[in-house]
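Reading the structure
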Amino acid sequence: YLQAAAMTAPLLGTGIGTPACETYNAACGELTVLLRSSEGGQLWNQPLNLAGSNTTYHLRLAPASSTVWAPDYFTSFIPSAEVKEKLISKENIEQGVGGSLVGVRILDPPEKFAPPRGITAPVTATLDFHPKNATLALRRPAKQPTAIVEGKVRPLAANFSAPISYYQPPGNLLLVGVMGALRAAHYEKKTGLYFLQPYDPDRIPVVFVHGLISTPFDWVKTINGLLADPEIRKHYQFWVFAYPTGNPVLYSALRLREELAKADKLYPNHKSYVLVGHS
């Protein structure tokens, strides 16, 4: 994969969507997935010498910045194309350069406000070569839709729907909502505030609260629609409050206030919330 990216990188100027660009993008994405998962992650974020057919490449990861994810932030990566999008009909996809991935962060013990399946975000993997020194960068396309790749500013490939679709709904979503209303005690442990994206002090938190016989999955289409706007992607982050709707309203309101108080304590300098609800 590294050699394929090296061969096609000089041809990126031929245009987005060309065979050279598609090969480069796939190679960047697959290399990232493999490096992060191979040998229990021991190869990740280590300077590596990788021998191609005629060349040895010296590979390193780009350090964290405002537009590049820290190498050790995500615990795994999934190609965006492999995420099944069950609840949305229109994907938010940007054509460009780089491997489009979903970064997944799952820690043990779990982080506060992390969904059971972890916290996700769009990631675009790019490789730069100088000449046999290769730098793999985990770019943040929501922060900056373009980047200097191989010496030229280029649009980044990205899928902003895949990270939200990573949270797969249960088989019978309506039944789960009904049971949450009829047998609230069975769902009490799942009550809480969940971050659908990594916390960002520069973004305004939007807290979505669902209504009766509903679940947080009711917000997937809404969030996906908002993510279609680059200015919203840049300035807002999305959280959901989950609760069984059979509990008394005042009790659920108390739990919401308690969760927001925990967020205030953990992130005292966060921007003011936007609260969105439906009934």
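Structural data are supplied above this passage.
Quick look at the structure, then.

The next point concerns the overall build of the protein. A count of helices and strands for the protein gives seven helices and 14 strands. Here the protein has a C-alpha radius of gyration of 21 Å; the compact-globule value for 279 residues is 19 Å, and the two agree. In terms of overall dimensions, the protein has a C-alpha envelope of 70 × 35 × 35 Å along the principal axes. By the burial criterion, 47% of the 279 residues in the protein qualify as buried. Partitioning the contacts of the protein with sequence separation of at least 6, the portion at a separation of at least 24 is 73%. Put simply, the protein shows about 14000 Å² of open surface, and 57% of that area lies on carbon and sulfur atoms. Separation between the mean location of the 26 positive side-chain charges and that of the 21 negative ones in the protein comes to 3 Å.

Moving on, we come to the pattern of salt bridges. By the definition in use, this model includes eight salt bridges. Among the salt bridges present, the one from Glu-94 reaches Arg-233, with a minimum N-O distance of 4.0 Å. Remark: Arg-233 occurs in helix α6 (residues 230–235) and Glu-94 occurs in strand β4 (residues 93–94); sequence separation between them is 139 residues. One salt bridge in this structure joins Asp-200 and Lys-143, with 3.2 Å as the shortest N-O distance. Taken as a pair, Asp-200 in the loop between β11 (192–195) and β12 (204–209) and Lys-143 in the loop between β7 (133–139) and β8 (146–149) lie far apart in primary sequence, 57 residues in all. What makes Asp-200 buried here is its relative accessible area of 4%.

This part covers the sheet that holds strand β5 (residues 99–105). Pairing within the open sheet is mixed, and its six strands lie in the order β1-β2-β7-β6-β5-β3. The open sheet has two free edges, formed respectively by β1 (48–51) and β3 (76–79), since each of these has just one partner strand. Taking the axes of each pair of neighbouring strands and ignoring which way they run, one obtains an average angle of 35° across the sheet. Inspection of the sheet shows β5 paired to strand β6 (residues 119–129) by seven bridges, in the antiparallel sense. Directly across from Gly-99, in β6, lies its bridge partner Ala-125. Sitting on the sheet, helix α2 (residues 19–37) is in contact with β1, β2 (56–61), β3, β5, β6 and β7, with an inclination near 115° to β6.

Let us look at the sheet that holds strand β14 (residues 274–277). Pairing between the strands of a sheet is mediated by backbone hydrogen bonds and can be parallel or antiparallel. Strand order in this open sheet of four strands is β11-β13-β12-β14, and the pairing throughout is mixed. A single partner strand is all that each edge strand has here, and the edge strands are β11 and β14. On average, each strand axis in the sheet is tilted by 25° relative to the strand beside it, whichever way the strands run. One ladder, built from four bridges, connects β12 with β14; its direction is parallel. Bridge pairing in β14 places Val-207 opposite Leu-275. Against the sheet, helix α7 (residues 249–266) contacts β11, β12 and β13 (236–242), and its axis sits at roughly 140° relative to β13.

Time to look at the layout of surface pockets. One water molecule sets the probe size; rolling that probe over the atoms shows where empty space is left. Considering only enclosed or pocket space, the largest pocket measures out at about 700 Å³ in volume. Lining the largest pocket are 27 residues, and of these Lys-190, Tyr-194, Pro-216, Phe-217 and Ala-242 lie nearest its centre. Only α4 (173–182), α5 (220–227) and β13 provide two or more residues apiece to the lining of the largest pocket. For the lining of the largest pocket, the leading source of residues is α4, giving three residues. For the second largest pocket, the calculated volume is near 420 Å³. Taken together, 21 residues make up the lining of the second largest pocket; nearest its centre are Asn-25, Ala-81, Gly-98, Gly-99 and Ser-100.

Separated by 36 residues in sequence, Asp-200 and Tyr-236 have C-alpha atoms that sit 8.9 Å apart. Not counting chain neighbours up to four residues away, the residues in contact with Asp-200 comprise Arg-140, Lys-143 and Gln-237. Of note is the side chain of Asp-200, whose polar atom sits 3.2 Å from the side chain of Lys-143.

The next point concerns a nonpolar patch on the surface. Nonpolar side chains collect at one region of the surface, where Leu-174, Leu-212 and Ile-213 lie side by side and expose about 320 Å² of accessible area between them. Under the relative-accessibility criterion, Leu-212 is labelled exposed at 59%.

This part takes up the packing of aromatic side chains. Overall, the coordinates contain 17 aromatic pairs when judged by the stated rule. With a centroid separation of 5.7 Å and an interplanar angle of 20°, the aromatic rings of Trp-69 and Tyr-73 are classed as stacked. With a relative accessible area of 9%, Trp-69 lands in the buried category. The interplanar angle of 15° and the centroid separation of 3.7 Å between the aromatic rings of Tyr-199 and Tyr-267 together place this pair among those described as stacked. One end of the pair, Tyr-199, is in the loop between β11 and β12; the other, Tyr-267, is in the loop between α7 and β14, and 68 residues separate them in sequence. Classification of Tyr-267 as partly exposed rests on a relative accessible area of 23%. Its end group placed over the ring of Trp-69, Arg-140 keeps NZ or CZ at 3.9 Å from the ring centre.

Rules and cut-offs
- Residues numbered from 1 in each chain as written.
- Predicted model: local features only at pLDDT ≥ 70, side-chain atom pairs only at ≥ 80, totals over all residues.
- Heavy atoms only, no water.
- Helix = DSSP H or I, 4+ residues; strand = E, 2+ residues; numbered from the N terminus.
- Rg over C-alpha atoms; globule rule 2.2 N^0.38 Å.
- Buried < 20%, exposed > 50% of the residue type's maximum accessible area, 1.4 Å probe, protein only.
- Contact = heavy atoms within 4.5 Å.
- Areas by Shrake-Rupley, 256 points an atom, 1.4 Å probe, with all protein chains shown as cover.
- Lys, Arg positive; Asp, Glu negative; His and termini not counted.
- Charge placed at Lys NZ, Arg CZ, Asp CG, Glu CD.
- Salt bridge = Lys/Arg side-chain N within 4 Å of Asp/Glu carboxyl O.
- Pairing = 2+ DSSP bridges.
- Axes fitted to C-alpha atoms, helices over the stretch in contact; angles between N-to-C directions.
- 1 Å grid on protein atoms, 1.4 Å probe; cavity = no way out; pocket = protein on both sides within 12 Å on 5 of 7 lines; lining within 4 Å.
- Points joined across faces, edges and corners; volume = space filled by probe spheres on them.
- Polar contact = N/O pair within 3.5 Å; in protein donor to acceptor, adjacent residues only side chain to side chain.
- Patch = residues over 30% accessible without salt bridge, like charges linked within 9 Å, V, L, I, M, F, W, Y side chains within 5 Å.
- Phe/Tyr/Trp six-rings, centres within 6.5 Å; stacked < 30°, edge-to-face > 60°.
- Lys NZ or Arg CZ within 6 Å of the ring centre and 35° of its normal.

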